[in-house]
Amino acid sequence: MRLRPLVAAFAVTAALVVTPASAAPAGRVLGYVANNGGGVSVIDTATNTVSETIADSGGNSPYMAAVAFDGTRGYVTNSVQNTLTVIDTPTNTVDKSVPVGKHPAGVAVAPGGGFVYVTNYDDGTVSVVDTATLTVTATVTVGQNPDGVVVTKDGTSVYVTHDVVGPSKVSVIDTTANAVVATINVGSTPTAVAASADGTRIYVVNKGSDDVSAIDVAARTVVGTAKVGFVPHGIALSPHGTRAYVTNSEFDSVSVVDLTVMAEQQKIFVGDRPISVALTPDGASAYVTNFNSNTVSIIDTASNTVTGTIPVGQRPVGIAINLVPPAASTLVAGTAQLQVRLLGFTVRSLDATLTEKHTGAPVAGRTVVFRTVKGNPLCTATTNSSGKATCDAQVSLAVGLSTLLQGFTASFAGDNEHGGASAHGYITLL
């Protein structure tokens, strides 16, 4: 779908949560950048380039604010359309647009991926989306301007920030009752929120008081505060849980916070108006969206220096990074013709067609290997733009007529983008 210019804009939210996908034998580490100007830019972190742009789903100018993963799906809030876009990340196609509340802002996925929680900024509510049916199954009233959202490691609680000027609070939702069971006072105008990997701490960015609050999950009280830069907006935690990277939207920098002592270690200068930040699963790199620069800055976390800049869409806001598994593939084999020669056989027009299982789209440029059912090599071919591979084979008499008449096997070994597949085809006598 052709992208259209933004026709309306609202408060920029920096909410972002990534729920790690389970380990896969192959795949790609991809970054998904939600652009306020429309579209999601997909960054291949192996090359640090935008590999593709996912067009807006079903309407004009969605304000794409936040991104979250459940492993093979991405969820993006669209604040103009009041929807949640669901992306199949192995194929990078839009599966559905789910109606939620008014001006959805933040989004978070429960451990295990059963539910997605969306903050509705103008409604004062949180939509609970069942990922099996992709429907809203509950709406929780939380109070004014809900923005950032995160789910605790055990999945029992959801923490929601309120983008309210002055000393504010975080609401705690019980996920069994789908009701607010506690509120916690934090700093001024809280926005982004993140949970520690061990489940013991919640960290809240307070853009009005230029600091980060640490909440003890068990006690539901603030146990520490770290000062950062001017108007902080986004936060990401290192995998080992000792550092936080906090964007300072009006100071064009990222604060590195030592979480063991709740103190800023240094500032790293990035692009113009940084909003959100996400780390790669290994924690080696941090990626920062620069709203006014239309770029993403790459930070090497070992040296805490900027090592690169990636042009993305207009006014990038949310970002999430995760390991994306290969897309499931389907291989369909055809029928070849067998010609008997004096000193052997010729098998003509061996063919197989490779497609994505989820979308049915052809997969071009992949190698398909053809063998007899007993494993004797026949030939190898590359799929064309229609996903079809075809070749002829010269076969010795030693293979045997009876073996050839049992048909052939076509196989694709798979790669980081598409999973392996195989199929049986037939061979008939000319």
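As a reminder, the structure under discussion sits directly above these lines.
For every chain, the first residue of the written sequence is number 1, and numbering continues from 1 along that sequence. Note on the predicted model: pLDDT of at least 70 is required for a residue's local features to be given, and 80 or more for side-chain atom pairs to be given and counted; whole-chain, interface and lining totals, by contrast, use all residues. As a rule here, side-chain values come from all non-hydrogen atoms in the structure, and water together with hydrogens is ignored.

A. Examining the pattern of salt bridges more closely. Only one rule defines a salt bridge in this text: a Lys or Arg side-chain nitrogen within 4 Å of an Asp or Glu carboxyl oxygen. Per the counting criterion, the structure on display carries six salt bridges. For Lys267, the salt bridge identified is with Glu264, shortest N-O distance 3.0 Å. Relative accessibility decides the category of a residue: with a 1.4 Å probe and only protein chains considered, values under 20% of the type maximum give buried, values over 50% give exposed, and everything between is partly exposed. Taking the relative accessible area as the measure of exposure, Glu264 reaches 28% and is therefore partly exposed. A salt bridge links Arg366 to Glu417; the shortest N-O distance between them is 3.6 Å. Placement of Arg366 in the loop between β31 (344–356) and β32 (367–372) and of Glu417 in the loop between β35 (408–412) and β36 (421–429) is noted, with a sequence separation of 51 residues between them. Going along the chain from the N terminus, every DSSP run of H or I of four or more residues is numbered as a helix, and every run of E of two or more is numbered as a strand.

B. Local environment of the environment of Gln394. Within the fold, Gln394 resides in strand β34 (residues 388–396). Separated by 138 residues in the primary sequence, Gln394 and Val256 place their C-alpha atoms 64 Å from one another. With near-sequence residues (within four places) excluded, Gln394 lies in contact with Arg341, Phe345 and Thr346. Two N or O atoms form a polar contact when they lie within 3.5 Å of each other; inside protein one atom must be a possible hydrogen donor and the other a possible acceptor, and for residues adjacent in sequence the pair counts only when both atoms belong to side chains. There is a polar contact of 3.3 Å between the side chain of Gln394 and the side chain of Arg341. What makes two residues a contact is simply this: any of their non-hydrogen atoms within 4.5 Å.

C. How the structure looks around the nonpolar core. Within the largest apolar cluster, 27 residues are counted, with the highest numbers of intra-cluster contacts made by Val347, Leu350, Phe370 and Phe408. At the level of elements, β29 (329–333), β30 (335–340), β31, β32, β33 (377–382), β34, β35 and β36 are the ones that each hand at least two residues to this core. Listed in part, the 15 residues of the second largest apolar core include Val205, Ala226, Val257 and Met262. What is meant by a nonpolar core is a set of buried Ala, Val, Leu, Ile, Met, Phe, Trp, Tyr and Cys residues, joined one to another through side-chain atoms within 4.5 Å.

D. Layout of the state of the cysteines. Cysteine sulfur atoms are paired as a disulfide whenever they fall within 2.5 Å. The full count for this structure, using the stated rule, is one disulfide. A sulfur-sulfur distance of 2.0 Å marks the disulfide that ties Cys379 to Cys391. Taking the sign of the S-S torsion, about 70 degrees here, the bridge from Cys379 to Cys391 comes out right-handed. Here Cys379 is found in strand β33, whereas its partner Cys391 is found in strand β34, with twelve residues between them in sequence. Exposure class is identical for Cys379 and Cys391. Each is buried.

E. Local environment of unusual backbone geometry. Positive phi, close to 55 degrees, is recorded for Asn48, a residue that is not glycine. Looking at where Asn48 falls in the secondary structure, it is placed in the loop between β2 (40–44) and β3 (49–54). Assessed through its relative accessible area of 27%, Asn48 is described here as partly exposed. One non-glycine residue, Asn178, adopts positive backbone phi at about 50 degrees. Along the chain, the position of Asn178 falls in the loop between β14 (167–174) and β15 (179–188). Owing to a relative accessible area of 23%, Asn178 belongs among the partly exposed residues under this scheme.

F. Here's a closer look at the sheet that holds strand β24 (residues 274–279). Read from one edge to the other, the open sheet built from four strands follows the order β24-β25-β26-β27, with strand pairing classed as antiparallel. Both outer strands of the open sheet, β24 and β27 (305–311), are each paired with one neighbouring strand and no more. Across the sheet, the mean angle from the axis of one strand to that of its neighbour is 25 degrees, orientation sign disregarded. Any two strands between which DSSP finds at least two bridges are classified as paired. Here strand β25 (residues 285–290) pairs with strand β26 (residues 295–300) via six bridges, running antiparallel. Bridged to Ser285 within β26 is Asp300. Lines fitted to the C-alpha atoms define the axes, with helices restricted to the stretch that makes contact. Angles between their N-to-C directions range from 0 to 180 degrees.

G. Quick look at the pairing of β26. In terms of burial, β26 is a largely internal element, five of the six residues being buried. Between β25 and β26, which pair antiparallel and follow one another directly, the connecting turn spans four residues, one of which, Asn294, has a positive phi of 60 degrees. Taken together, the six bridges between β26 and β27 define a ladder with antiparallel strand orientation. By the bridge assignment for β27, Thr295 is matched with Pro311.

H. Structural view of a nonpolar patch on the surface. Residues Val340, Leu401, Leu405 and Leu429 make up a contiguous nonpolar surface patch of roughly 330 Å² in combined accessible area. Here Val340 shows up in strand β30. Residues enter patches when their relative accessible area tops 30% and they take part in no salt bridge; the joining distance is 9 Å for like charges and 5 Å for the nonpolar side chains Val, Leu, Ile, Met, Phe, Trp and Tyr. Under the convention used here, a 1.4 Å probe and the Shrake-Rupley method define accessible areas, while residue burial counts only the protein chains that appear.

I. Main features of the packing of aromatic side chains. Ring pairs shown here join Phe, Tyr and Trp side chains whose ring centres sit within 6.5 Å, with only the six-membered ring taken for Trp; geometry is labelled stacked below 30 degrees between planes, edge-to-face above 60, and tilted in between. For the coordinates displayed, the defined rule picks out two aromatic pairs. An angle of 50 degrees between the planes, with centres 5.8 Å apart, marks the rings of Phe251 and Phe269 as tilted. Of the two residues, Phe251 is situated in the loop between β21 (243–248) and β22 (253–258) and Phe269 in strand β23 (residues 263–269); the sequence distance between them amounts to 18 residues. A relative accessible area of 53% places Phe269 in the exposed class. Here Phe370 and Phe408 contribute two aromatic rings whose centre-to-centre distance is 5.8 Å and whose plane-to-plane angle is 55 degrees, an arrangement assigned as tilted. In this pair, Phe370 is assigned in strand β32 and Phe408 in strand β35, connecting sequence segments 38 residues apart. Its relative accessible area of 0% is what places Phe370 among the buried residues. The buried category is assigned to Phe408, whose relative accessible area is 0%. Put simply, a charge is over a ring when the Lys NZ or the Arg CZ is close to the ring centre, within 6 Å, and near the line of the ring normal, within 35 degrees. Note that Arg273 overlies the ring of Phe291, its terminal NZ or CZ placed 4.8 Å from the centroid.

J. Quick peek at the side chain of Thr355. In this structure, Thr355 sits in strand β31. Beyond its immediate sequence surroundings of up to four residues, Thr355 is in contact with Ala328, Ser329, Thr330, Gly360, Ala361, Pro362 and Val363.

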